[in-house]
Amino acid sequence: MVEQQKDVQVKTNVSSNPLSQLIERMKPLHVLLSQNTYVKDTTKRLKRIIDDASSQTMILVMGKERVGKTTLINALLGRELLSASSEHPTATNTFIRYGEQECVKAVFLDGMVATFDIGKVELFTTSDTFCAQIIREYLDYIEVYIKHDLLKNTTIVDTVALQATSDYSAYFSEMILNRVDEVFWVIRGGSIATEAELMLLEKYSRRGIKPHFIINGIDQYEGNIVDFMQSENERYGNHVASMLAVSAKLALEGLKMNDSQLIVHSQYDELHKLIEKLANDYSKKTHHIVERFIGWLQRFRKEVEYIPQREPYLSAIESVSKYAENEEFEFTRQQRDMALLTAYEEEYEHVCNVFKSVETLYQLLQTLAGELY
């Protein structure tokens, strides 16, 4: 089923899109590196770049707790797909993609992938049962596949809330941030962005990341929303790409009841138009993928530099080179050197066999505990 979901994802045009041409060049590199166990983690990162480049424009929805991030996503999808609980906020990074057959794909930290029925979404995102907590300890992220036209050109990412640090600043997962193409930063109408949020916003701005600020809850704000937006724009407008006021609650209700009046009041159409505009901006996505690939190349270069230091045969190579420099050594020394080289070869063969079946960190630790290498 997972492979079927991948097949139905909308791909960019291979023949005319520079991004697609880059993808086609990265794929053989990934195949080549997959055969080298020394760069397994680096190869996995390249595969993730290829997958993200091949997928639709990814839009991250982020913000503090209880600002309506999940409700906003539900409104965009026209259904209560995700549990919007004030008591149990989203606890798992969730990628919502297009799929003809609806399901949940759980990606665990050790690389294992499991597929579940769509009804199990809450188990991974908001459930507070003991079983759910255990599962999430070993969970990297989940992918939710549903059949919705909006997802044919867009992947929506729901995330855990911004995390506060001891110095009253805010933190957000760099791994998720680096994967997405656009950011929707959600705040509540009438509730100004905190100093911690402003510090993080300025940090992102220096990196060239300018989110779109979504002011949610305009139906519950008693003041003038235009004045509020203007006030916020004066505080940090130079760090954001745009500002839009909406009511996720009204939008969801209007879509469920097919009430056009509620939909108009919710500003849902304006939000939908913004998403369509962003989804069609392939130049920005291409630039983002190129930046990620350049960063990967730098990491790969460092990784390659350290490979000789991890090579078990290095000591043997150094010893052989040392003795090979002197071509006029005695026959007895030749015999000794050949015996030494043979011993090295046997040792290397043994080491290779010991670590041949090691695929996970746990297996490596077990092997190291029982061997002298």
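For the structure, see preceding data.
Now for a description of the structure that goes with this document. None of the values given here were measured: they were computed from a predicted structure. (Residues numbered from 1 in each chain as written. Predicted model: local features only at pLDDT ≥ 70, side-chain atom pairs only at ≥ 80, totals over all residues. Heavy atoms only, no water.)

Some thoughts on helix α8 (residues 195-206)
Piece 1. Along its 12 residues, α8 runs 17 Å from first to last C-alpha, staying within 8% of the 16 Å computed at 1.5 Å per residue.
Piece 2. Among the residues of α8, Ala196, Glu197, Leu198, Leu200, Leu201, Tyr204 and Ser205 are the ones counted as buried.
Piece 3. At its buried positions, α8 is contacted by β1 (57-63), β8 (170-171), α7 (174-179), β9 (182-188), β10 (212-216) and α9 (225-236).
Piece 4. A positive backbone phi angle near 85° is found at Gly208, which sits one or two residues after α8. (Helix = DSSP H or I, 4+ residues; strand = E, 2+ residues; numbered from the N terminus. Expected span 1.5 Å × (residues − 1). Buried < 20%, exposed > 50% of the residue type's maximum accessible area, 1.4 Å probe, protein only. Contact = heavy atoms within 4.5 Å.)

Some details on helix α4 (residues 69-77)
Piece 1. Buried residues dominate α4, accounting for 8 of its 9 residues.
Piece 2. For α4, the complete set of buried residues consists of Lys69, Thr70, Leu72, Ile73, Asn74, Ala75, Leu76 and Leu77.
Piece 3. One or two positions beyond α4, positive phi appears at Gly78, with a value near 70°.

Comments concerning the pairing of strand β5 (residues 139-146)
Piece 1. The element β5 is largely enclosed, with a buried count of 8 among its 8 residues.
Piece 2. Sheet topology places strand β3 (residues 103-108) next to β5; 6 bridges connect them, and they run antiparallel. When the bridges of β5 are listed, Val104 appears paired with Val144. (Pairing = 2+ DSSP bridges.)

Thoughts on the environment of His148
Piece 1. Within the secondary structure, His148 sits in the loop between β5 and β6 (154-158).
Piece 2. Through-space distance from the C-alpha of His148 to that of Tyr98 is 6.4 Å; in sequence the pair is 50 residues apart.
Piece 3. In contact with His148, not counting residues within four places along its chain, are Leu76, Leu77 and Tyr98.
Piece 4. A polar side-chain atom of His148 sits 3.3 Å from the main-chain carbonyl oxygen of Leu77.
Piece 5. Within polar-contact distance, the side chain of His148 engages the backbone nitrogen of Leu150 at 3.0 Å. (Polar contact = N/O pair within 3.5 Å; in protein donor to acceptor, adjacent residues only side chain to side chain.)

Here's the deal with the side chain of Ser266
Piece 1. Within the element layout of this structure, Ser266 appears in helix α11 (residues 260-266).
Piece 2. The class for Ser266 is buried, based on a relative accessible area of 1%.
Piece 3. At 3.2 Å, the side chain of Ser266 forms a polar contact with the backbone nitrogen of Tyr268.
Piece 4. Every residue in contact with Ser266, bar those within four places of it in the chain, is listed here: Ile218, Ala245, Val246, Ser247, Leu250 and Ala251.

Quick look at the packing of aromatic side chains
Piece 1. Applying the stated criterion across every chain, the model contains 8 aromatic pairs.
Piece 2. Through a chain of ring-to-ring contacts, three or more aromatic side chains come together here, namely Trp185, Tyr204, Phe213 and Tyr236.
Piece 3. Directly above the ring of Tyr141 sits Arg179, whose terminal nitrogen or CZ lies 5.2 Å from the centroid. (Phe/Tyr/Trp six-rings, centres within 6.5 Å; stacked < 30°, edge-to-face > 60°. Lys NZ or Arg CZ within 6 Å of the ring centre and 35° of its normal.)

Notes on the pattern of salt bridges
Piece 1. Summed over the entire model, instances satisfying the criterion amount to 19 salt bridges.
Piece 2. Ionic pairing is found between Lys27 and Glu24, a salt bridge with its closest N-O pair at 3.4 Å. Of the two residues, Lys27 and Glu24 both sit in helix α2 (residues 18-33), 3 residues apart, roughly one turn of that helix.
Piece 3. Lys27 gets classed as partly exposed once you look at its relative accessible area, which sits at 36%.
Piece 4. Given a relative accessible area of 37%, Glu24 falls into the partly exposed group.
Piece 5. With its nearest N and O atoms 2.8 Å apart, the salt bridge here joins Arg179 to Asp52. With a gap of 127 residues between them, Arg179 in helix α7 and Asp52 in helix α3 (residues 40-54) connect regions that are remote in the sequence.
Piece 6. The class for Arg179 is buried, based on a relative accessible area of 4%. (Salt bridge = Lys/Arg side-chain N within 4 Å of Asp/Glu carboxyl O.)

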